[in-house]
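So you can see what is in the structure, the chains are spelled out below.
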Amino acid sequence: MRSFRSEPILWIHVAGLATLPILLVMCLLFLSVGKPVLPVWIELCLVATIGVVPLLWMQLRRPFYIFAILGIALKPENLTEQQRKILCLINTKINRVLALVAAILSIGMLWQLYQIAPRVINVASFLPQWRSLALLLAGLTFLASNLFLQIPVSVMRILVTNETEFAALEPLSLEKIKQDFTILGVRVNHILPQRTVKVETEE
């Protein structure tokens, strides 16, 4: 049996970290739009609430079902035994702690962005200078950045799992998967192209 680390979806989610800097720059631009009309702490709480709370709540209560990308999700009944074992490593106390740590780090990043924002006012001068709309967009881009942080963190926890520990896991039942995970997107039979094995015979 091939190693669970060769599961393509895991590496796709890890690669999602590459979008994090882009989303944070977008958030920075929105934070630099317009003149603040509310105290700093209120604006920070607003953006953090939009960008952090929904995902943190999801990861603590019903973690993201990782066999999903770009609005499509692999039907739970089509998961292999190995994939159902992988899900065992998502809904754990360790992952909840990691989700909390990632949320704290993201709030720290938001604070740094807010500090830098006044320096890039000229860069964002082409945008409509509506502060309320800009804060909403900052919150939404921050939410997207947290999505591409939280999920790779969960996946990297899987990738560092010992092969022996993984082999000892019991695959999750279909009922538990549907009950314990947040499945987002249209459910399909396959997400990635199926690999075919060609058998060559000697004549």
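Residues numbered from 1 in each chain as written. Predicted model: local features only at pLDDT ≥ 70, side-chain atom pairs only at ≥ 80, totals over all residues. Heavy atoms only, no water.

## A word on the layout of surface pockets
Which parts of space are left empty comes out when a probe the size of a water molecule is rolled across the atoms.
Then step 1. By volume, the second largest pocket amounts to about 370 Å³.
Then step 2. Lining of the second largest pocket is provided by 16 residues; of these, His13, Ile69, Leu70, Leu147 and Phe148 occupy positions nearest its centre.
Then step 3. Among the elements of the structure, α1 (8–15), α4 (53–61), β1 (68–69) and α7 (131–159) are those that each provide at least two residues to the lining of the second largest pocket.
Then step 4. By residue number, the principal contributor to the lining of the second largest pocket is α7, which donates 4 residues.
Then step 5. Its residues assigned to classes, the lining of the second largest pocket shows 13 nonpolar, 3 polar and no charged. (1 Å grid on protein atoms, 1.4 Å probe; cavity = no way out; pocket = protein on both sides within 12 Å on 5 of 7 lines; lining within 4 Å. Points joined across faces, edges and corners; volume = space filled by probe spheres on them. Helix = DSSP H or I, 4+ residues; strand = E, 2+ residues; numbered from the N terminus. Nonpolar A, V, L, I, M, F, W, Y, C, P; charged D, E, K, R; others polar.)

## Structural notes on the side chain of Arg157
Then step 1. Topologically, Arg157 is positioned in helix α7.
Then step 2. When near neighbours in sequence (up to four residues on either side) are disregarded, Arg157 contacts Leu89, Ile94, Asn95, Leu98 and Glu165. (Contact = heavy atoms within 4.5 Å.)

## As for unusual backbone geometry
Then step 1. At Leu70, a residue that is not glycine, the phi angle is positive and equals roughly 50°.
Then step 2. Here Leu70 shows up in the loop between β1 and β2 (72–74).
Then step 3. Among the residues examined, Leu70 registers a relative accessible area of 87% and is labelled exposed. (Buried < 20%, exposed > 50% of the residue type's maximum accessible area, 1.4 Å probe, protein only.)

## Quick word on a nonpolar patch on the surface
Then step 1. Nonpolar side chains collect at one region of the surface, where Trp130, Leu133, Leu136 and Leu140 lie side by side and expose about 410 Å² of accessible area between them.
Then step 2. For Leu133, the position within the fold is in helix α7.
Then step 3. By relative accessible area, Leu133 is classed as partly exposed at 38%. (Patch = residues over 30% accessible without salt bridge, like charges linked within 9 Å, V, L, I, M, F, W, Y side chains within 5 Å. Areas by Shrake-Rupley, 256 points an atom, 1.4 Å probe, with all protein chains shown as cover. Salt bridge = Lys/Arg side-chain N within 4 Å of Asp/Glu carboxyl O.)

## Observations concerning the environment of Asn162
Then step 1. Note on placement: Asn162 falls in the loop between α7 and α8 (163–167).
Then step 2. A distance of 2.7 Å separates the side chain of Asn162 from the backbone nitrogen of Thr164, its partner in a polar contact. (Polar contact = N/O pair within 3.5 Å; in protein donor to acceptor, adjacent residues only side chain to side chain.)

## Description of the packing of helix α6 (residues 93–116) against α7
Then step 1. For the pair α6 and α7, interaxial distance at closest approach is 10 Å and the crossing angle is 145°. Helix-helix and strand crossings are classified by hand; for α6 and α7 the assignment is right-handed. From α6, Ile94, Asn95, Leu98, Ala99, Ala102, Ala103, Ser106, Ile107, Met109, Leu110 and Tyr114 reach across to α7, where they touch Arg131, Phe142, Asn146, Leu149, Gln150, Val153, Ser154 and Arg157.
Then step 2. Broken down by class, the residue content of the contact of α6 with α7 amounts to 12 nonpolar, 5 polar and 2 charged. (Axes fitted to C-alpha atoms, helices over the stretch in contact; angles between N-to-C directions. Left-handed = near helix turned anticlockwise from the far one by under 90°.)

## Quick look at the confidence of the model for the protein chain
Then step 1. Looking at the protein chain as a whole, its pLDDT mean stands at 87, while 94% of the residues score no less than 70.
Then step 2. For the protein chain, per-element mean pLDDT is lowest for α8, which scores 87, and highest for helix α2 (residues 20–31), which scores 94. (pLDDT = per-residue confidence, 0-100.)

## Re the pattern of salt bridges
Then step 1. Under the criterion given, the structure shown has 3 salt bridges.
Then step 2. Between Arg131 and Glu43 there is a salt bridge; the shortest N-O distance is 2.6 Å. A residue pair is termed long-range when its members are at least 10 positions apart, and Arg131 in helix α7 and Glu43 in helix α3 (residues 40–51) qualify at 88 residues. Like Glu43, Arg131 is buried.

## Notes on the nonpolar core
Then step 1. Counting 30 residues, the largest nonpolar core has Leu10, Tyr65, Ile66, Phe67, Ile86, Leu87 and Ile158 as its most contacted members.
Then step 2. A total of 4 residues in this core trace back to one element, the largest contributor, which is α7.
Then step 3. Counting 29 residues, the second-largest nonpolar core is a separate cluster that includes Val47, Ala99, Ala102 and Ala134. (Core = buried A, V, L, I, M, F, W, Y, C linked by side-chain atoms within 4.5 Å.)

## Observations regarding the packing of aromatic side chains
Then step 1. Considering all chains together, one arrives at 2 aromatic pairs under this definition.
Then step 2. Here Tyr65 and Phe67 contribute two aromatic rings whose centre-to-centre distance is 6.0 Å and whose plane-to-plane angle is 65°, an arrangement assigned as edge-to-face.
Then step 3. Here Tyr65 falls in the buried class, since its relative accessible area comes to 0%. (Phe/Tyr/Trp six-rings, centres within 6.5 Å; stacked < 30°, edge-to-face > 60°.)

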